[in-house]
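Inside the fold
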Amino acid sequence: MDKRPSWQEYFMQMALLAAKRSTCLRRQVGAVLVKDNQILSTGYNGSPKGISHCEQVGCLRQKNSVPSGQMHELCRGVHAEQNAIIQAGLNGSSTRDATIYCTHQPCSICARLIINAEIKTVYISQIYPDTLAEQLFAEAGVEVIHYDMLTGNMKRMI
């Protein structure tokens, strides 16, 4: 019999599955918003509802040679974390004291939304260096934990 996955592995695997729905041409990101080990919502990065996907019209960031991690506002897409928070709100679920599992470390824009959504813990699988996001999380007291999917090891980053 296979070993039963930890809650962290279980939810991070779901975030990885959500990322497979991404329509972004540069990076597929997924997120799962959880409270009391119950899923509130999921999200992946892609164009807003009813808007053409980048795979159909091309990537604005690639066309303008925007480096990774810069000028996030020059993108058609909504980030996975943003979509998870939006979906929780649309479905009437409070995000206060929740945990979010993200395939990648949130950017500073998502960090601000996570802080205001009163999410207390962020698990990430891949590091995406954004110094401002790290500073915001530290100042707000949001715990950020790197979860290594290969080993199952966890390391508190903030």
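Above: the structure in question.
In what follows, the accompanying structure is described. Not measured: the values here are computed from a predicted model.

Time to look at the pairing of strand E2 (residues 38–44). Note: strand E1 (residues 30–35) against E2, 6 bridges, orientation antiparallel. Paired with Ala-31 across the two strands is Gly-43, which belongs to E2.

A separate point is helix H6 (residues 131–140). Sitting at the amino-terminal end of H6 is Asp-130, which places a side-chain oxygen 3.2 Å from the backbone nitrogen of Leu-132. After H6 finishes, the residue Gly-141 shows a positive phi value of roughly 80 degrees.

In space, the 6 strands of this open sheet follow the order E2-E1-E3-E4-E5-E6, with mixed pairing throughout. With partners counted over all chains shown, the strands left at the sheet margins are E2 and strand E6 (154–156), one partner each. Across this sheet, the average inter-strand angle for adjacent strands is 20 degrees, counted without regard to direction. Bridge analysis of strand E5 (residues 143–147) against E6 gives 3 bridges, and the strand direction is antiparallel.

Bringing the environment of Lys-49 into the picture now. Residue placement: Lys-49 occurs in the loop between E2 and helix H2 (54–57). For Lys-49, a relative accessible area of 70% corresponds to the exposed category. In this structure, the C-alpha to C-alpha distance between Lys-49 and Val-78, residues 29 residues apart in sequence, is 9.7 Å. Here Lys-49 is in contact with Gln-87 and Leu-90, once residues within four sequence places are set aside.

Next up on the list: the pattern of salt bridges. Under the defined criterion, the tally for this structure stands at 2 salt bridges. For the salt bridge of Arg-96 with Glu-118, the shortest nitrogen-to-oxygen distance reads 2.6 Å. Within this pair, whereas Arg-96 is found in the loop between helix H4 (80–90) and strand E3 (99–104), its partner Glu-118 is found in the loop between helix H5 (108–116) and strand E4 (121–126), the two being separated by 22 residues in sequence. Note on Arg-96: relative accessible area 46%, which makes it partly exposed.

Attention shifts here to the nonpolar core. Residues Leu-33, Ile-100, Ile-114, Ile-119, Val-122 and Phe-137 are the most contacted members of the largest nonpolar core, which totals 22 residues. Counting residues per element, the ones that place at least two in this core are E1, H4, E3, H5, E4 and H6. If we ignore the near neighbours within four places in the chain, the residues touching Leu-33 are Gln-38, Ile-39, Leu-40, Ser-41, Ala-84, Ile-85, Ala-88, Thr-95, Ala-98, Thr-99, Ile-100 and Ile-119.

With respect to the secondary-structure elements, His-104 resides in strand E3. A residue is classified by how much of its surface remains accessible, and His-104, at 9% relative accessible area, is buried. Only 2.8 Å separates the side chain of His-104 from the side chain of Thr-103, close enough to count as a polar contact. One polar contact links His-104 to Gln-126, side chain to side chain, over a distance of 3.4 Å. Excluding residues that lie within four positions of it along the chain, His-104 makes contacts with Arg-27, Gln-28, Val-29, Glu-81, Ile-124 and Gln-126.

In this section: the environment of Leu-40. Tracing the backbone shows Leu-40 in strand E2. Non-local contacts of Leu-40, meaning those with residues more than four positions away in its chain, are made with Leu-33, Val-34, Lys-35, Ser-93, Ser-94 and Ala-98.

Applying the stated criterion to the full structure yields 5 aromatic pairs. Considering the side-chain rings of Trp-7 and Tyr-10, the 5.9 Å spacing of their centres and the 75 degrees angle between planes classify their relative orientation as edge-to-face. Placement of the pair is Trp-7 and Tyr-10 together in helix H1 (residues 7–19), with a separation of 3 residues, close to one helical turn. By relative accessible area, Tyr-10 is classed as partly exposed at 36%. Centre to centre, the rings of Trp-7 and Phe-11 are 5.6 Å apart; their planes meet at 15 degrees, and the pair counts as stacked.

About the criteria used
- Residues numbered from 1 in each chain as written.
- Predicted model: local features only at pLDDT ≥ 70, side-chain atom pairs only at ≥ 80, totals over all residues.
- Heavy atoms only, no water.
- Pairing = 2+ DSSP bridges.
- Helix = DSSP H or I, 4+ residues; strand = E, 2+ residues; numbered from the N terminus.
- Polar contact = N/O pair within 3.5 Å; in protein donor to acceptor, adjacent residues only side chain to side chain.
- Axes fitted to C-alpha atoms, helices over the stretch in contact; angles between N-to-C directions.
- Buried < 20%, exposed > 50% of the residue type's maximum accessible area, 1.4 Å probe, protein only.
- Contact = heavy atoms within 4.5 Å.
- Salt bridge = Lys/Arg side-chain N within 4 Å of Asp/Glu carboxyl O.
- Core = buried A, V, L, I, M, F, W, Y, C linked by side-chain atoms within 4.5 Å.
- Phe/Tyr/Trp six-rings, centres within 6.5 Å; stacked < 30°, edge-to-face > 60°.

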